[in-house]
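The lines below spell out each chain.
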Amino acid sequence: MTVDVRPEVLVHRPRDEVAAFMFDPAHDLEWTGGITSSRPARPGQLTSGATVERTAKFLGREFVYGYVVTEHEPDRLVEMKVDRPFPMTVRYELADAPDGTLVAIRASGSPGRSFGWATPLMARQVRKNITADLHRLRTCLER
């Protein structure tokens, strides 16, 4: 079984402003729930090859994980490979909308044998966490 979720939200700001905020790990703690630190290898916007190490809590456990940016389209897309809590791909997707920017985060991956039995629970929790992150993002950008 796999986890594959893609919540989205409308942010009433231009796409370039959303990207400038969302694609910069310096803002991670402002809008990404569950993380207690975010340490990019280099400051500034996420671009192909960029790496970030985070400390997070998920399902009651604290762990350190890293991600590497595997795809980048300025002001439109950042795709990352994440190694924990299980290997997955996370995509930040931005699209113009009449009243601002449609922002989606897609997370997909396979928990594997160690978490396989919990895949439905994990999928619900990942969707819930990403949806909350998107609402915090919107609040940060629309205030």
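Let us look at the structure shown here. (Residues numbered from 1 in each chain as written. Predicted model: local features only at pLDDT ≥ 70, side-chain atom pairs only at ≥ 80, totals over all residues. Heavy atoms only, no water.)

### Quick notes on the overall build of the protein chain
Right, so step 1: Scanning the protein chain from N- to C-terminus turns up four helices and eight strands.
Right, so step 2: The C-alpha radius of gyration computed for the protein chain amounts to 15 Å, which stays within 12% of the reference 15 Å derived for 143 residues, consistent with globular compactness.
Right, so step 3: Projected onto the principal axes, the alpha-carbon positions of the protein chain cover approximately 40 × 30 × 25 Å.
Right, so step 4: Expressed as a percentage of its 143 residues, the buried residues of the protein chain come to 43%.
Right, so step 5: The contacts in the protein chain between residues at least 6 apart in sequence include a share of 48% that link residues at least 24 apart.
Right, so step 6: When the accessible surface of the protein chain is summed, it comes to about 7400 Å², and 52% of that surface belongs to carbon and sulfur atoms.
Right, so step 7: Within the protein chain, one finds 20 positive and 19 negative side-chain charges whose respective centroids are separated by 8 Å. (Helix = DSSP H or I, 4+ residues; strand = E, 2+ residues; numbered from the N terminus. Rg over C-alpha atoms; globule rule 2.2 N^0.38 Å. Buried < 20%, exposed > 50% of the residue type's maximum accessible area, 1.4 Å probe, protein only. Contact = heavy atoms within 4.5 Å. Areas by Shrake-Rupley, 256 points an atom, 1.4 Å probe, with all protein chains shown as cover. Lys, Arg positive; Asp, Glu negative; His and termini not counted. Charge placed at Lys NZ, Arg CZ, Asp CG, Glu CD.)

### As for the environment of Pro-25
Right, so step 1: Along the polypeptide, Pro-25 turns up in the loop between helix 1 (15-22) and helix 2 (28-31).
Right, so step 2: Spatially, the C-alpha atoms of Pro-25 and Glu-79 are 14 Å apart, while their sequence positions differ by 54 residues.
Right, so step 3: Excluding residues that lie within four positions of it along the chain, Pro-25 makes contacts with Ser-38, Pro-40, Gly-44, Leu-46, Val-52 and Tyr-67.

### A look at the packing of aromatic side chains
Right, so step 1: This model, assessed by the stated rule, comprises three aromatic pairs.
Right, so step 2: Ring geometry for Phe-23 versus Tyr-92: centroids 6.4 Å apart, planes at 20°, classification stacked. Residue Phe-23 is located in the loop between helix 1 and helix 2, and its partner Tyr-92 is located in strand 7 (residues 88-97); the two are separated by 69 residues in the primary sequence.
Right, so step 3: A relative accessible area of 5% places Tyr-92 in the buried class.
Right, so step 4: On the basis of an interplanar angle of 45° and a centroid distance of 5.8 Å, the ring pair of Phe-63 and Tyr-65 is categorised as tilted.
Right, so step 5: When its relative accessible area of 11% is taken as the criterion, Tyr-65 is described as buried.
Right, so step 6: Through successive ring pairs, a cluster of aromatic residues spans Phe-23, Trp-31 and Tyr-92. (Phe/Tyr/Trp six-rings, centres within 6.5 Å; stacked < 30°, edge-to-face > 60°.)

### Let's talk about the nonpolar core
Right, so step 1: Ranked by size, the top nonpolar core spans 38 residues in total, and within it Met-22, Tyr-92 and Val-103 carry the most contacts.
Right, so step 2: Beyond its immediate sequence surroundings of up to four residues, Val-103 is in contact with Pro-7, Glu-8, Val-9, Val-11, Val-18, Met-22, Glu-93, Leu-94, Leu-134 and Leu-137. (Core = buried A, V, L, I, M, F, W, Y, C linked by side-chain atoms within 4.5 Å.)

### Digging into the side chain of Glu-79
Right, so step 1: Within the secondary structure layout, Glu-79 lies in strand 6 (residues 77-82).
Right, so step 2: With a relative accessible area of 13%, Glu-79 lands in the buried category.
Right, so step 3: Ignoring any residue separated from it by four or fewer positions in sequence, one finds Glu-79 in contact with Val-68, Val-69, Thr-70, Glu-71, Thr-89, Val-90 and Arg-91.

### Quick word on the pattern of salt bridges
Right, so step 1: With the rule as written, the count across this model stands at 11 salt bridges.
Right, so step 2: The partner of Arg-106 in a salt bridge is Asp-4, and the shortest N-O contact between them spans 2.6 Å. Of this pair, Arg-106 sits in strand 8 (residues 100-109) while Asp-4 sits in strand 1 (residues 3-5); the two residues are 102 residues apart in sequence, bridging distant segments of the chain.
Right, so step 3: Classification of Asp-4 by relative accessible area gives partly exposed; the value is 40%.
Right, so step 4: Linked through salt bridges whose partners overlap, the residues forming this network are Arg-6, Glu-8, Glu-71, Glu-79, Arg-91 and Glu-93. (Salt bridge = Lys/Arg side-chain N within 4 Å of Asp/Glu carboxyl O.)

### What to know about helix 1
Right, so step 1: For helix 1, every residue scored as buried is listed here: Arg-15, Val-18, Ala-19, Phe-21 and Met-22. Buried positions in helix 1, seen along its axis, are confined to an arc of 165° and lie on one side of it. (Arc of directions from axis to C-beta.)

### Considering the environment of Leu-121
Right, so step 1: In this fold, Leu-121 is placed in helix 4 (residues 119-142).
Right, so step 2: Overall, Leu-121 belongs to the partly exposed group, its relative accessible area being 40%.
Right, so step 3: Sequence separation of Leu-121 and Val-11 is 110 residues, and the distance between their C-alpha atoms is 28 Å.

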